[in-house]
Amino acid sequence: MKGWSLFPHLVVRTTGFPFDWLERLGCPETARSARRLADAQRALEALRAEGPRVKRPPRAVLAALKAGRPVDTEGLESPEVFAEWNTRARAAQEAEASFTEAMERESAKVETALMALRREPRFLEAVASSSPPVARDLLEGREGARLRRQVASYLQRLCAKNETMGFFGPINYGRADAEAPTGVTLRWSGPEVLVGRNTFAASWLVQGLVRAIAFDPEVAAWLVLRRKAFAEVPARKSAPTPESAEELLPKLVEVADGTRTLAGLASSLGVAPGLAREAARLACDKGLLTHQLEVPAAVHHPVDDLAERVAGLPCPAARRHVEGLSALLELMGRYGAADAAAKMALQESFAALARTRWSVVPPSERGPASESHNFYQDRLPLREECGGDLRVDVGGERARELVTRLEPALAWMGEAARRTREAARAAVAGLVGARTVPFWKVVAAYADRPVPSDTSVAEVFAGAISDASARHVELGGVVPPRTPEDARALPLVTSVDLLVGARDVEAWGRGEYELVMGDVHDTALVWGWALQFHEARSRVESGMVRALGALRRPVPLLTVLASRRTGLLPSEFPGPVVELGGVSARASAWRMPLDDLFVESDGKSARLVSKRLGSEVCLYNGELESLVHTAFALPRIRPLRVSMGAHTPRLTLGGVVVQREQWRLGAEEREALLACRDDRARLRAAVGIWGARGMPDCVFAKFKDERKPVLVDVRSPPLLRVFLNLLEQKEEVILSEMRPAPDQLWLKGPGGRHTVELRCTLLWGAPPPPDEEGRA
């Protein structure tokens, strides 16, 4: 079986604002003075502890020693005893004076930079796209410590975090071609040049529109209902003469065959249209039925799609709804070119129209039960995605290295994924017992159980670290796991966010670079929505279909389409599809009912089977962290997690950084930082802790229950405020080095350096290439 292969097309993610803007908030000379002051004070402390004892010293001498000031030796019997003390005390005084002067001077520059930022149109637009209340405060000229902290927080996100959102996280592309000449070529006009801007309605809003329009009494009569998730009716028998929607539901689901309108079904069942409509609404809410107005989960422009579907209905109400949807689309069409104030006005107009015309309100207004805590949940009614013109071509040896250097780490991650999957199957079997149970019941009962993630691989790596205080440990000496050769071995699919550290793009092309593994995903992400701005989208998607199709499939692979709840569209991969929440976007999809799937368990291990196919089946992954999905999906590739406690060295495998150097703050360090009440004290305390722990100036702080880390620059008072505000709320924090470091940011635009990452999809399990005679 062939090893890992890299899909040649890449998604290149970068920031819309240069890292240099973030450095405007720094006080580098103040930090250097603080380090000198800390060194001088440590020297005084050492002398105080080790210096000669003075018998019956005068009170003035005691006061000077206690305060760390030079001792006035005039009139003393042995002035030479205090010579070294006075030298060091004067050095400390000079360092403190230097620190104070630098703090005053650089703090003024930082405040000037913050004030300028508050008036910068692109920054205001970016904030308005994410948090209109903060943008409104800025536009209205409000002041306050909280607002200044929010400005700094947004700036660190815009300048240091590679996202796929708006113009400040544009989608770009690249290609890796092993047959091309060795090197790296770059084409880029800068972050302000965009090749496209697409505006989308939030998923909750689209779902609300579909529901409101579909069950308008006049429209509902024309709904053509079909079963979605179930082949059989998972409900009690209907009442002989149904008088409620619940009583009518089983019979309606039974007769809904995808060929008759709801009006026709109501007539054949002998029930009133209103009762049939309520039963249909209930069936759709439960995921039992769907209809021709439901927008497929993977459709990228759902409001346009909904308007087209409604336009085909032969009733006056449809014309009114199309008119309203056209008004929504007109507002969406103006969003991309709007400035901050206009964007907020369009958000309000869009939300107001949806509310007044269709009674659609955000999840936050529907009560706690309807609120979603998904990080990617759309909060605003409108969001934007933009395409940049950055194009990166990696050729020859540089392209081959993207695979060969990653293979050792991927081998270990694959082994951990297989072990985790087997542990999850055993856990499900233990819960189910020795019996066969419908899959949907297992999902309903155990989906929220914790995943028994494998720790043995992390333990192997931890055991290979002989010195936890080391800055860097290469794990290449660890014996790699044996790759399974069994033809029944499941394939592996992963997308890795690779970061390249190099002085410039030319240095990378020459091979003078460092490769860092960022986020690791369990599915193919060079696909669908991520390709919306690609010049050859259909060709790239077709290539991905062929790459996935080339993987060995010991069992059929199924896509389970969940309902569309976030801005990230679910992927519909080749093979059968189970319409659990969403519906298929394919014209003639290979649909599998959910109730055709069963979990067969002997109490020790379990497998997922399809009765209609007469076979075990396996699910594609889709970043679903659940016990049941882990048990019955392809082995899920997860990042390696190794912790040695207070400090864990940077870990490299095959020359690739698989985990950055990291530190855990202790309780005393946390308390010392939180005890500070002004920027001067905070910076001094932080510089002291950073120096004692050997941390670089720039680190990322990851707090428990916070999905995204924040960048902390110990030289920046505003960023320290952001960090300490979170630290006050959260007890646990892990600090990781920024790597690539600021001097390793090779992508340079008109405004300075940018962080950048290559999102690559890698696959394991393709058959070996044919030999010269065409044999595999």
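Small disclaimer: the values here were computed from a predicted structure and weren't measured.

Analysis parameters
Residues numbered from 1 in each chain as written. Predicted model: local features only at pLDDT ≥ 70, side-chain atom pairs only at ≥ 80, totals over all residues. Heavy atoms only, no water. Helix = DSSP H or I, 4+ residues; strand = E, 2+ residues; numbered from the N terminus. Contact = heavy atoms within 4.5 Å. Areas by Shrake-Rupley, 256 points an atom, 1.4 Å probe, with all protein chains shown as cover. Lys, Arg positive; Asp, Glu negative; His and termini not counted. Charge placed at Lys NZ, Arg CZ, Asp CG, Glu CD. Pairing = 2+ DSSP bridges. Axes fitted to C-alpha atoms, helices over the stretch in contact; angles between N-to-C directions. Buried < 20%, exposed > 50% of the residue type's maximum accessible area, 1.4 Å probe, protein only. Phe/Tyr/Trp six-rings, centres within 6.5 Å; stacked < 30°, edge-to-face > 60°. Lys NZ or Arg CZ within 6 Å of the ring centre and 35° of its normal. Polar contact = N/O pair within 3.5 Å; in protein donor to acceptor, adjacent residues only side chain to side chain. Core = buried A, V, L, I, M, F, W, Y, C linked by side-chain atoms within 4.5 Å. Disulfide = S-S within 2.5 Å.

A. Layout of the overall build of the protein chain. The helix and strand inventory of the protein chain stands at 25 helices and 29 strands. The dimensions of the protein chain, computed from C-alpha atoms along their principal axes, are 115 × 65 × 55 Å. By sequence separation, contacts in the protein chain at least 24 residues apart represent 74% of the contacts at least 6 residues apart. Carbon and sulfur atoms form 51% of the exposed surface of the protein chain, whose accessible area is close to 34,100 Å². Across the protein chain, 105 positive and 100 negative side-chain charges occur, with their mean positions spaced 2 Å apart.

B. Focus on the sheet that holds strand β7 (residues 257–261). Judged by pairing direction, the sheet is antiparallel, and its three strands sit side by side in the order β7-β6-β8 without closing on themselves. The open sheet has two edge strands, β7 and β8 (289–290), and neither has a second partner. Its contacts with the sheet put helix α10 (residues 245–255) on β6 (224–227), β7 and β8, and the angle it makes with β6 is roughly 90 degrees. Against the sheet, helix α11 (residues 262–269) contacts β6 and β7, and its axis sits at roughly 85 degrees relative to β7.

C. Seen up close, unusual backbone geometry. With omega at 5 degrees, the peptide bond leading from Arg739 into Pro740 counts as cis. In this fold, Pro740 is placed in the loop between β26 (733–737) and β27 (747–749). Not every positive phi belongs to a glycine, and Ser359 is a case in point at roughly 60 degrees. Structurally, Ser359 can be placed in the loop between α15 (340–358) and β9 (382–395). Its relative accessible area of 61% is what places Ser359 among the exposed residues.

D. Geometry of the packing of aromatic side chains. By the definition in use, this model includes eleven aromatic pairs. An angle of 55 degrees between the planes, with centres 6.2 Å apart, marks the rings of Phe17 and Phe167 as tilted. Of this pair, Phe17 sits in the loop between β2 (9–14) and α1 (19–23) while Phe167 is found in strand β3 (residues 166–177), placing the two residues 150 residues apart along the sequence. Of the two residues examined, Phe17 and Phe167, each falls in the buried class. By the ring-pair criterion, three or more aromatic residues cluster together here, those being Phe17, Trp21, Phe167 and Phe168. The ring of Tyr335 carries the charged tip of Lys343 above its face, separated from the ring centre by 4.7 Å.

E. Summary view of the pairing of strand β16 (residues 597–601). Burial analysis of β16 places four of its five residues in the buried class, the great majority of the element. Across three bridges, the pairing between strand β10 (residues 436–438) and β16 is antiparallel. Paired with Val437 across the strands is Val599, a residue of β16. Two elements, β16 and strand β17 (residues 606–610), share five bridges in a ladder whose sense is antiparallel. Directly across from Ser601, in β17, lies its bridge partner Ala606. Hairpin connection of β16 to β17: four residues between the antiparallel strands, including Gly603 at a positive phi of 90 degrees.

F. Up close: the environment of Thr15. Looking at the secondary structure, you find Thr15 in the loop between β2 and α1. Residue class for Thr15 comes out buried when judged on its relative accessible area of 0%. Ignoring any residue separated from it by four or fewer positions in sequence, one finds Thr15 in contact with Leu158, Cys159, Ala160, Lys161, Asn162, Phe168, Pro170, Pro191, His754 and Thr755. Within the structure, the side chain of Thr15 is placed 3.0 Å from the backbone oxygen of Phe17, a separation counted as a polar contact.

G. Expanded view of the nonpolar core. Membership of the largest hydrophobic core comes to 82 residues, with the highest contact counts inside it found for Leu205, Leu225, Leu325, Val428, Phe439 and Phe632. For Leu225, the contacting residues outside a window of four places in its chain are Leu252, Ala256, Asp257, Gly258, Arg260, Leu262, Leu265, Ala280, Cys284, Leu289, Thr290 and His291. Ranked by size, the runner-up nonpolar core spans 54 residues in total, among them Trp4, Val12, Val392 and Trp508.

H. Structural context of the state of the cysteines. According to the stated counting rule, one finds zero disulfides in the structure shown. Distance from the sulfur of Cys698, which forms no disulfide, to the nearest cysteine sulfur (Cys159) is 12 Å.

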